[in-house]
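What follows is each chain in one-letter form.
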Amino acid sequence: MPKFLLTVLLFFCFTIKMWSQPTQEQLEERKAKIQLEIQEKEQLLKSVKKQEKSVLTEMIIQKEKIGLKEKLIKTTEKQTKLLNNDIYINQVKINQLNKDLEQLRKDYAAMILKSYKSRSEQSRAMFLLSSENFLQAYKRAQYMKQYASYRKMQGQEIEGKTKQLMGYTNQIIVQKDEKIKLIKENEKEKEELEKAKKEQEKIAAQIQKEKGKLVSEIKKKQQETKKIDGQIKKMIRESIAAANRKTAAASAKANPKITSAEKKAIENSTSIVLTPEGRLVSDNFKANKGRLPWPVEKGGISLGYGDQPHPVFRSLMVHNSGIEISTESGATARAVFSGEVTQVQQLTPLKKAIVIRHGDFFTTYQNLSSVNVRVGDKVSAKETLGKVKTDGDGRTVLKFLISQNNTFFNPSGWLSGR
């Protein structure tokens, strides 16, 4: 394959690949968010250490911080790779421009030389006067005019390509400086990551000494979680029953011919019997899967959905019926979709929960210290529901659940990407 065609092919391959990759601006924005999360984790770690809270909590936060550091390094590496691609493409453009300019200058030099040889006004006049007829003289005059115009155009093309060349050259200089900066930044982050891992090893050694006590605490917490899960399921069953009683009463009023058996069937259904309006709300909620806003403004998932190894003791399995989102102290919970508040319950002396109905879907917000809504309130997306409680170990964690009637889903797949 000729070298030129190979260059063009490589250029197009890089271009197509770049279309599917995030831009530098998007990566920079992503990096800024990760850096902010890292700062929040560092502040939380300082707070936990200062208050001499649970070493287990310290370990979990440290693991989250390390995960964010690794994500930051990968993002910076993507930026560097993207810059390398940009530099390569710009270099291909520069090489092509240099070839074009070389050819243009040769052609222009040859044209100037030819023009110089026939430069006298007399030779030009003789060229016209020696015409055999008027038509030939006109054509020769037009040729001379076009020749002069072509010279001017070539000169302008050389000037334009020279400016382009300078632009791409300056761009490469800036990109190479940016690449050096990113490489240094990544080296610094890798050093910080190593420090964090050494700190993690120290905490791990301390945890090993207290393993029996800590495992016992985790098991006790899991029992409490199981008890609360039972309360949440009961709250949802009660919400379904209340909604169906309301639907049955409305149906009987709208249609006097409805039998008592039909009315009872609606009331006793274990799933919500949807009205046309309720069906629309349910369908809208479902259509927004993957696009729902987060139930807190800031934060990240610290414990995922389902059965999984404990973040520290990997041999110990824990269950989570939703997701746990670590956020900043003083954070508020917010509705992820418009709906009706069906339950506001005190789960423990210090923890409250809110259930919101969206057709036959429910969203549940646990671990609230205070609430701003009451049963029957209509709420809109991103409306504040209450304040997230900061636990005794210094962590502020919201537990968030999504279910359709009594079937629970992994909320991660329903929330928008960050």
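Please read all numbers here as calculations on a predicted model, not as lab measurements. (Residues numbered from 1 in each chain as written. Predicted model: local features only at pLDDT ≥ 70, side-chain atom pairs only at ≥ 80, totals over all residues. Heavy atoms only, no water.)

Trainee: Can you lay out the overall build of the protein chain for me, pointing to particular residues and giving the numbers?
Mentor: Looking only at helices and strands, the protein chain features eight helices and twelve strands. For the protein chain, with 418 residues in total, the buried portion stands at 38%. Excluding contacts between residues fewer than 6 apart, the proportion of contacts in the protein chain whose partners are at least 24 apart in sequence is 73%. For the protein chain, the accessible area works out to roughly 24,800 Å², and carbon and sulfur atoms hold 54% of it. (Helix = DSSP H or I, 4+ residues; strand = E, 2+ residues; numbered from the N terminus. Buried < 20%, exposed > 50% of the residue type's maximum accessible area, 1.4 Å probe, protein only. Contact = heavy atoms within 4.5 Å. Areas by Shrake-Rupley, 256 points an atom, 1.4 Å probe, with all protein chains shown as cover.)

Trainee: Give me the lowdown on the packing of aromatic side chains, citing residues and values where you can.
Mentor: With the rule as written, the count across this model stands at seven aromatic pairs. Between the aromatic rings of F285 and F337, the centroid separation amounts to 5.3 Å while the plane-to-plane angle is 90 degrees, which identifies the pairing as edge-to-face. Of this pair, F285 sits in helix α8 (residues 276-287) while F337 is found in the loop between β5 (332-334) and β6 (339-348), placing the two residues 52 residues apart along the sequence. Ring centres of Y365 and F400 lie 5.3 Å apart, and the angle between their planes is 50 degrees; on these two criteria the pair is classed as tilted. Linking Y365 in strand β8 (residues 361-371) with F400 in strand β11 (residues 396-404), this pair joins segments that are 35 residues apart in sequence. (Phe/Tyr/Trp six-rings, centres within 6.5 Å; stacked < 30°, edge-to-face > 60°.)

Trainee: For the pattern of salt bridges, give the residues involved together with the corresponding values.
Mentor: Under the definition given, this model contains eight salt bridges. In this structure, K399 engages D229 in a salt bridge whose closest nitrogen and oxygen atoms are separated by 3.6 Å. Of the two residues, K399 is situated in strand β11 and D229 in helix α6 (residues 211-254); the sequence distance between them amounts to 170 residues. Of the two residues examined, K399 and D229, each falls in the buried class. For the salt bridge of E340 with K378, the shortest nitrogen-to-oxygen distance reads 3.4 Å. One end of the pair, E340, is in strand β6; the other, K378, is in strand β9 (residues 378-379), and 38 residues separate them in sequence. Owing to a relative accessible area of 22%, E340 belongs among the partly exposed residues under this scheme. Here K378 falls in the exposed class, since its relative accessible area comes to 62%. (Salt bridge = Lys/Arg side-chain N within 4 Å of Asp/Glu carboxyl O.)

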